[in-house]
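Descriptive analysis of the structure
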Amino acid sequence: MKVTVVGAGAVGATCADNIARKELCEELVLLDIKEGLAEGKAQDMMQTATLLGFDTRITGSTNDYSKTSNSDVVLITSGIPRKPGMTREELIGTNAGIVKGVCENILKYSQNAIIIVVSNPMDTMTFLALTSTALPKNRIIGMGGTLDSARFKYQLSQHLGCSPSDLNAVVVGGHGDTTMIPLIRFATWNSVPVSRFLDPEKQKQIVNDTMVGGATLTKLLGTSAWYAPGAAGAALVESIVRDEKKLFTCCVSLNGEYGQKDICMGVPVIIGKNGWEKIIDYGLNEEEQTAFNKSADAVRSMNDVLKTL
Ligand SMILES: NC(=O)c1ccc[n+]([C@@H]2O[C@H](COP(=O)([O-])OP(=O)(O)OC[C@H]3O[C@@H](n4cnc5c(N)ncnc54)[C@H](O)[C@@H]3O)[C@@H](O)[C@H]2O)c1
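Structure report, in brief. Residue positions are given per chain, counted from 1 along the sequence in the order it is written. Reporting in this predicted model follows two pLDDT cut-offs: at least 70 for local features of residues, and 80 or more for side-chain atom pairs to be given and counted; totals over whole chains, interfaces and linings ignore these cut-offs and use all residues. Side-chain metrics in this entry use all non-hydrogen atoms of the structure; hydrogen atoms and water are not considered.

1. Notes on the overall build of the protein
Secondary structure is summarised from DSSP: a helix means a run of H or I of at least four residues, a strand means a run of E of at least two, and numbering begins at the N terminus for each. Counting its regular elements, the protein contains ten helices and 14 strands. In this treatment the radius of gyration is a C-alpha quantity, and the globule benchmark scales as 2.2 Å times the residue count to the 0.38 power. The C-alpha radius of gyration computed for the protein amounts to 19 Å, which stays within 12% of the reference 19 Å derived for 309 residues, consistent with globular compactness. Throughout, exposure labels follow a simple rule: accessible area from a 1.4 Å probe, protein chains only, divided by the maximum for the residue type, with under 20% read as buried, over 50% as exposed, and the rest as partly exposed. For the protein, the residues scored as buried account for 53% of the 309 residues in total. The contact rule is simple, with two residues in contact once any of their heavy atoms fall within 4.5 Å. A fraction of 70% describes how many contacts in the protein between residues 6 or more apart in sequence connect residues 24 or more apart.

Listed below in structure tokens is the structure:
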């Protein structure tokens, strides 16, 4: 197994670190446009190998895509992150060109790779990766809902006073402060609906705190978060390379599912060796479907911006 992480910044390096610690592949390539950054981080990580006990071989590359050849999975984390007060959508002007160029370069050397898009605005960058590469749709996965669902579980755990691992909860829709939809109706604490323990007011607060989870961290950190995004990217890689068939919310191409088509949005999918393998229909009620449609409208307008760039 060979995995490439494009972008050796905060998210890319954290993701690579998680992949190496879990020994998800024999070979891991970190690539960045900034001279020496990927090589430096790769070397630094390799120097943890004897301390952490992993055998993954990590190498770095400054924009030399031949080093990434025959990758099974490629994560795209290159691009600018948001600063406090910015929305993810404001990044499109810079990141669209970066993501498109990266996809072209990746495909020159790894025609069979599964691509995981992390760069924001993620739903639109996933749509761009799909339309610009014309790869089979199952091989293009946007990472957003996986992170948002982990943040949702964190928020729930804080109010329930329980372990986040005992919770099941998913966030669908777009990966934006106003477009994501934490499906609290389906959230359970070891199979018991969380609504049994949380009054409607509390539930509303949890949903709101989840939606602005990224913005809250950006305000605290002065830049976008990286530990949970990196871990979420690595969790998807794990489900692919080990063919775990785990259920994650990922941004994928919809063709009528959840009432939408010609768009990439976050829905629950099975992730395995073929990429995203199946969309799971949660059966949204009218209110949830209305929110999903509204979210799709916002993602679609962002996708339309691509035509103007
Ligand atoms: N989808 C999600 O859930 C999620 C979560 C967090 C961050 N993000 C996004 O991930 C992206 C990266 O965030 P970060 O905090 O790691 O930023 P960062 O600035 O720390 O790292 C980005 C890296 O990309 C590199 N880069 C820029 N152009 C490149 C190119 N053409 N080729 C290769 N490398 C290039 C930069 O040199 C930099 O090292 C941002 O767009 C951010 O908004 C997404």
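Still more to cover.
2. Section: the layout of surface pockets
One simple way to see leftover space: roll a probe sized like a water molecule over the atoms. We place a 1 Å grid over just the protein atoms. Points where a 1.4 Å probe fits but has no way out form a cavity, open points with protein on both sides within 12 Å along at least 5 of 7 lines form a pocket, and any residue with an atom within 4 Å of a point lines it. Grid points are joined across faces, edges and corners, and a volume is the space filled by probe spheres set on the points. Reported here for the largest pocket is a volume of approximately 730 Å³. Mapped onto the lining of the largest pocket, the elements with two or more residues apiece are α1 (10–21), β2 (27–32), α4 (92–109), α6 (145–160) and α8 (213–221). Around the second largest pocket sit 21 residues that line it, and I181, P182, V207, E287 and A291 are the ones nearest its centre. Looking at the lining of the second largest pocket, the elements with two or more residues in it are β9 (180–182), α7 (200–211) and α10 (286–305). In terms of residue count, α10 provides more of the lining of the second largest pocket than any other element does, six residues in total.

3. Some words on empty space enclosed by the protein
Within this structure, the stated rule accounts for one cavity of 30 Å³ or more. Space inside the largest cavity adds up to approximately 50 Å³. Residue lining of the largest cavity: 14 residues in total, with G145, G173, G174, H175 and G266 positioned closest to the centre. Those elements that place two or more of their residues in the lining of the largest cavity are α5 (122–133), α6, β8 (171–173) and β13 (261–272). The element that contributes the greatest number of residues to the lining of the largest cavity is β8, accounting for three residues. Classifying every residue of the lining of the largest cavity by side-chain character gives six nonpolar, six polar and two charged. Under the scheme applied, nonpolar residues are Ala, Val, Leu, Ile, Met, Phe, Trp, Tyr, Cys and Pro; charged residues are Asp, Glu, Lys and Arg; polar residues are all the others, including Gly.

4. As for the site of the ligand
Close to the ligand lie 28 residues; V11, D32, I80, V118 and M143 are nearest. We call two N or O atoms a polar contact when they sit within 3.5 Å, provided that within protein one can donate a hydrogen and the other can accept it, with sequence-adjacent residues counted only if both atoms are side-chain atoms. Between N120 and the ligand, the recorded distance is 2.9 Å, taken from a side-chain N or O atom to an oxygen atom. Out of a free accessible area of 860 Å², the ligand has 86% covered by protein chains. In this structure, the ligand is accommodated by the largest pocket. Within the residue set of the shell around the ligand, elements represented by two or more residues are α1 and α4. The residue inventory of the shell around the ligand, partitioned by class, reads 15 nonpolar, eleven polar and two charged. Nearness is judged by heavy atoms alone; a residue qualifies as near a molecule or strand once a single heavy atom is within 4 Å of it. Reported accessibility uses the Shrake-Rupley method at a 1.4 Å probe radius. Residues are deemed covered only where the shown protein chains occlude them. Any molecule with more than half of its atoms within 2 Å of a cavity's or pocket's grid points is counted as sitting in it.

5. Concerning the nonpolar core
Only buried Ala, Val, Leu, Ile, Met, Phe, Trp, Tyr and Cys residues count toward a nonpolar core, and they belong to the same one when joined by side-chain atoms within 4.5 Å. Grouped together as the largest cluster of nonpolar side chains are 54 residues, with contacts concentrated most on I19 and I116. Residue contributions to this core peak at seven residues, all from helix α9 (residues 227–241). In contact with I19, other than residues within four places in its own chain, are V3, V5, L24, C25, L28, L75, A234 and V237.

6. Section: the packing of aromatic side chains
Geometry of aromatic contacts follows a simple scheme: Phe, Tyr and Trp rings, the Trp one being its six-membered ring, pair when their centres are within 6.5 Å, and the pair is stacked under 30 degrees between planes, edge-to-face over 60, tilted otherwise. The tally for this structure, following the rule as stated, stands at four aromatic pairs. Considering the side-chain rings of W189 and F197, the 5.1 Å spacing of their centres and the 65 degrees angle between planes classify their relative orientation as edge-to-face. Residue class for F197 comes out partly exposed when judged on its relative accessible area of 39%. Their ring planes at 35 degrees and their centres at 5.4 Å tell us that Y258 and F292 sit as a pair that is tilted. You can see Y258 sitting in the loop between β12 (246–255) and β13 and its partner F292 sitting in helix α10, a full 34 residues away along the chain.

7. What to know about the pairing of strand β5 (residues 114–117)
With burial as the criterion, each face of β5 is covered, one bearing I114 and I116 and the other bearing I115 and V117. With four bridges connecting them, strand β4 (residues 73–76) and β5 associate as parallel partners. In the sheet register, V74 faces β5, and the bridge partner there is I115. Here, the term right-handed applies to a crossover whose path from the first strand over the helix to the second runs clockwise when the strands point away from the viewer. Once the chain exits β4 it traverses α4 before rejoining the sheet at β5, and the crossover so formed is right-handed. Strands are treated as partners if at least two bridges between them are detected by DSSP. The pairing of β5 with strand β6 (residues 140–142) spans three bridges and is classified as parallel. Looking at the pairing, I116 lines up with I141 of β6.

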